[in-house]
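Chain and residue survey
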Amino acid sequence: MNMDGVLVGGTEYIVAAYAIVWGGLFAYGISLMFRVKKSEQEKAS
Amino acid sequence: MNRARLIDTGLLLLASTLLGFGAYHALSVAPPERYMGEVYRILYVHVPSAWSALIAFTVTFAANIAYLWKSRPGADALAEASAEVGLLFCGLLLASGSIFARPTWGVWWQWDPRLTTAAIMFFAYAGYMALRQFVTDPEKRATWSAVVGILIFVDVPIVYFSVKWFGAGLHQLPSSPQTTSPALVTALRLNAFAFLALYGWFLRLRYRLARNNQTHESMEPPAVRTA
């Protein structure tokens, strides 16, 4: 925090938050595509 | 390509494009906030996660009512799909909120009304999904989870209004475009629509999975289903 009471820095928190949110969304999307594909294969067989 | 796949692909493209523009605006175009400096940029993924979770749980609630009213398996599948996607967004909401809290409030977690009710919401819907795994009979599962889904939805409006009803804790009061600098609003809108498009894409895929599972279950012999 600087003399005016403004938070400075904090890049590591921004990186962590975006990595978790985007990583979570990406991982869920990929896993969902595989789960749907597997279920459609089971349905067809 | 059939119509359903075309819509799925369109939603994914829309979400990816909006996420790209949203990230660019959130991390590069939007100026630092007066007091929070750069750290406030976490809010561009935190707030859309919250809105998406609340929308998802509201869709689950509506689908639960629809199931109890009409007993249609499609409504049960929609409730399951939206609850799982909502749980994902709620988990991301809590994680990003905790990371935001550390540099701005000095703590990772506080039993503030908004945070506490959001945590209750997360664990309630985790329990809802667990219930769906434990009950093997499809009709009992759909009925019981619909009742539970309606009961736990009580917490959703409480989460939304908690900062107004229970007084200000550490969590700030809701902002609006009238109280926020226009320079900050564009990035939030882009990310909000990106998350909404992602929610739509996830929901469609998860609904299809739930319907396929229902078809698979209906083909199993009853002895296997009730075991």
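Relevant structure appears above.
Residue positions within a chain follow its written sequence, with the count starting from 1. Naming scheme: in the order in which they are written, chains are lettered from A and ligands are numbered from 1. Restriction of local features to residues with pLDDT of at least 70 applies here, the model being predicted, together with a cutoff of 80 or more for giving and counting side-chain atom pairs; totals for whole chains, interfaces and linings are based on all residues. Side-chain calculation: all heavy atoms of the structure are included, whereas hydrogens and water are not.

**Quick notes on the interface of chain B and chain A**
Where interface size is quoted, it is often the accessible area lost as the parts come together. Whether two residues are in contact is decided by their heavy atoms, any of which lying within 4.5 Å being enough. With 40 residues of chain B in contact, the opposing surface of chain A contributes 25 residues. The largest share of the area that chain B buries against chain A comes from Ile99(B), Leu209(B) and Asn212(B), three residues that together contribute 18% of it. Here, a salt bridge means any side-chain nitrogen of Lys or Arg that lies within 4 Å of a carboxyl oxygen of Asp or Glu. Here Arg5(B) makes a salt bridge to Glu40(A), at a shortest N to O gap of 3.0 Å. Residues adjacent in sequence count toward polar contacts only when both atoms are side-chain atoms; beyond that, a polar contact is any pair of N or O atoms within 3.5 Å, and within protein one must be able to donate a hydrogen and the other to accept it. Counting across the chain B and chain A interface gives 6 residue pairs in polar contact (both at pLDDT 80 or more). When contributions to the side of chain B that touches chain A are tallied by element, the ones reaching two or more residues are helix H1 (3–29), helix H2 (43–70), helix H3 (73–105) and helix H7 (182–219) of chain B. A helix here means a DSSP run of H or I that spans at least four residues, while a strand means a run of E at least two residues long, and both kinds are numbered starting from the N terminus. At 12 residues, H7(B) tops the list of elements feeding residues into the side of chain B that touches chain A. Residues are grouped as follows: Ala, Val, Leu, Ile, Met, Phe, Trp, Tyr, Cys and Pro are nonpolar; Asp, Glu, Lys and Arg are charged; every other residue, Gly included, is polar. Taken together, the residues of the side of chain B that touches chain A sort by class into 24 nonpolar, 8 polar and 8 charged. Accessible area that two parts lose when put together, with a 1.4 Å probe and added across both, is what the buried area reports.

**Digging into the environment of Glu38(B)**
Residue and element names in this part refer to chain B. By the secondary structure assignment, Glu38 is in the loop between H1 and H2. Glu38 sits 11 residues away from Leu27 along the chain, and the two C-alpha atoms are 8.8 Å apart. Among the polar contacts listed, one links the side chain of Glu38 to the side chain of Arg41, at a separation of 2.6 Å.

**Things to note about a nonpolar patch on the surface**
A surface patch of nonpolar side chains, amounting to about 430 Å² of accessible area, comprises Phe26(A), Ile30(A), Met33(A) and Phe34(A). By the element assignment, Met33(A) lies in helix H1 (residues 11–44). Only residues whose relative accessible area exceeds 30% and that take part in no salt bridge are eligible for patches, with like-charged residues grouped when within 9 Å of each other and nonpolar side chains (Val, Leu, Ile, Met, Phe, Trp, Tyr) grouped when within 5 Å. Only the protein chains shown count as cover for residues, with accessible areas throughout obtained via the Shrake-Rupley method and a probe of 1.4 Å.

**Here we look at the pattern of salt bridges**
For the coordinates displayed, the defined rule picks out 11 salt bridges over all chains. A salt bridge links Arg141(B) to Glu217(B), with the nearest nitrogen and oxygen atoms 2.5 Å apart. Placement of the pair is Arg141(B) in helix H5 (residues 138–152) and Glu217(B) in helix H7, with a sequence separation of 76 residues. One connected set of salt bridges, linked through shared partners, spans Arg35(A), Asp76(B), Glu80(B), Glu84(B), Arg132(B) and Arg206(B).

The analysis is restricted to geometry; functional conclusions fall outside its scope.
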